[in-house]
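Inside the fold
So the chains spell out like this:
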Amino acid sequence: MVVIGCGFMGKALLEGWLASGVKPEAIHVQDPAPSDWLKAQTGFHLNKDLPANPAVLVIATKPQVLAEVLPPLAHFGDGDTIVVTIATGAPLAYYEASFGAKTPVARAMPNLPAAVGAGVTVFACNANVSDAQAELVADLFNAVGTGIALADEEQMHAVTGISGSGPAYVFAMAEAMTKAGEAMGLPRDLASTLAVHTIAGAGAMMREADTEAGDLRRAVTSKGGTTAEALKHLMAPGTGLFDLMEKASGASRDRSIELSTP
Ligand SMILES: NC(=O)C1=CN([C@@H]2O[C@H](COP(=O)(O)OP(=O)(O)OC[C@H]3O[C@@H](n4cnc5c(N)ncnc54)[C@H](O)[C@@H]3O)[C@@H](O)[C@H]2O)C=CC1
Ligand SMILES: O=C(O)[C@@H]1CCC=N1
């Protein structure tokens, strides 16, 4: 396997793949500014000559540098190597133009919790991807959480607005709850612990429960109680979380569309 670019997301994926049994000696990484984590890894081939026919070529750079990153890699195209890209925005056609029209390409949108094996990754494959290669891509992303194949590549922008950027919304929620706790006089450490455990606990419950999030919300909300008062603000039409979330995720989706022509 060859990995081009190893920042936050490259590291998250590599950690998961190593944990799932991929041997470091089988991994070539190219990054002109390797992180301390990357430099500390033993076994990787870091910034060394690349193998001629890797099974998988992972592109994990920012979309803004694709135009300079891809041309020197063009010789990997039109063969058995599958290009798996996690760069935001750029469509499958962009890689076909760079690597050749017969190149198998999978465009994926993972998310940062892949670092702890709890990511969700949506991926779309072009027509050149064989069944075995599609299975390999699913295996790679299932190794760091849950991999979901998507037939309609166009939906990848909306996916980015929900799950790609989504962990940041949840982290922002934890920050906001911490700040609110402090404003009510709680010590910062306690407020932060309560926010993190509440979000983690609610997340674990949503994953395990066979009910929708709305039903769980209703289970917390006693009639005439405290939660109902809080939700009057969070669910207020126009200013509440629902409308805000639509605006926020829409802005992420729109930026993904803008980035689709690197
Ligand atoms: N961070 C996240 O939560 C997610 C990121 N993504 C996408 O993954 C990609 C990487 O994102 P991050 O890891 O957050 O960015 P990052 O900035 O942390 O990592 C990018 C890496 O690419 C390296 N790089 C720059 N030029 C290069 C070149 N010419 N050749 C090889 N490597 C080069 C940089 O040194 C850096 O280590 C982006 O396209 C991003 O949109 C997708 C889903 C989630
Ligand atoms: O912010 C970004 O552009 C990337 C894509 C999804 C998460 N991080």
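Structural data are supplied above this passage.
A brief report on the enclosed structure follows. Within any chain, residue numbers begin from 1 and follow the written order of that chain's sequence. Following the order in which they are written, the chains are lettered starting with A and the ligands numbered starting with 1. Only residues with pLDDT of at least 70 get local features here, since the model is predicted, and only at 80 or more are side-chain atom pairs given and counted; chain-wide, interface and lining totals rely on the full set of residues. For the side-chain quantities, the full set of heavy atoms in the structure was used; hydrogens and water were omitted.

**So, the overall build of the chain**
What counts as a helix is a DSSP run of H or I of at least four residues, what counts as a strand is a run of E of at least two, and both are numbered from the N terminus. Scanning the chain from N- to C-terminus turns up 11 helices and 8 strands. Accessible area is worked out with a 1.4 Å probe on protein chains only. A residue is then buried under 20% of its type maximum, exposed over 50%, and partly exposed in between. In the chain, which comprises 262 residues, the proportion classed as buried is 36%. Contacts are assigned to residue pairs with any non-hydrogen atoms lying within 4.5 Å of each other. At a minimum sequence separation of 6, the contacts of the chain that also span at least 24 residues come to 60%. Positive and negative side-chain charges in the chain, numbering 17 and 27 respectively, have mean positions lying 8 Å apart. Positive charges come from Lys and Arg alone, negative charges from Asp and Glu alone, with His and the N- and C-terminal ends not counted. Every charge is mapped to an atom, namely NZ of Lys, CZ of Arg, CG of Asp or CD of Glu.

**Remarks on the site of ligand 2**
In the vicinity of ligand 2, the contacting residues are T88, G164 and S165. Calculation of accessible area relied on Shrake-Rupley with a 1.4 Å probe; when residues are assessed, cover is drawn exclusively from the protein chains displayed. Expressed as a share of its isolated accessible area of 250 Å², the protein-covered part of ligand 2 is 48%. Lining residues are those with an atom within 4 Å of a point, where the points come from a 1 Å grid over the protein atoms alone and group into cavities, where a 1.4 Å probe fits but cannot get out, or pockets, open sets with protein on both sides within 12 Å along at least five of seven lines. Pocket or cavity membership: a molecule qualifies when more than half of its atoms sit within 2 Å of the grid points of that site. Of the pockets mapped on this structure, ligand 2 occupies the second largest pocket. Throughout this document, a residue counts as near a molecule or strand when at least one of its heavy atoms sits within 4 Å of that molecule or strand.

**Some remarks on the layout of surface pockets**
In this approach a probe as big as a water molecule rolls over the atoms, and the regions it shows empty are the leftover space. Grid points are joined across faces, edges and corners, and a volume is the space filled by probe spheres set on the points. Volume-wise, the second largest pocket comes out at about 970 Å³. Lining the second largest pocket are 37 residues, and of these M9, A60, T61, K62 and I86 sit closest to its centre. Residue assignment for the lining of the second largest pocket shows that the elements contributing at least two residues are α1 (8-19), α3 (66-69), α6 (156-164), α7 (166-183) and α11 (241-258). Residues are grouped as follows: Ala, Val, Leu, Ile, Met, Phe, Trp, Tyr, Cys and Pro are nonpolar; Asp, Glu, Lys and Arg are charged; all remaining types, including Gly, are polar. Partitioned by chemical class, the residues of the lining of the second largest pocket number 20 nonpolar, 13 polar and 4 charged.

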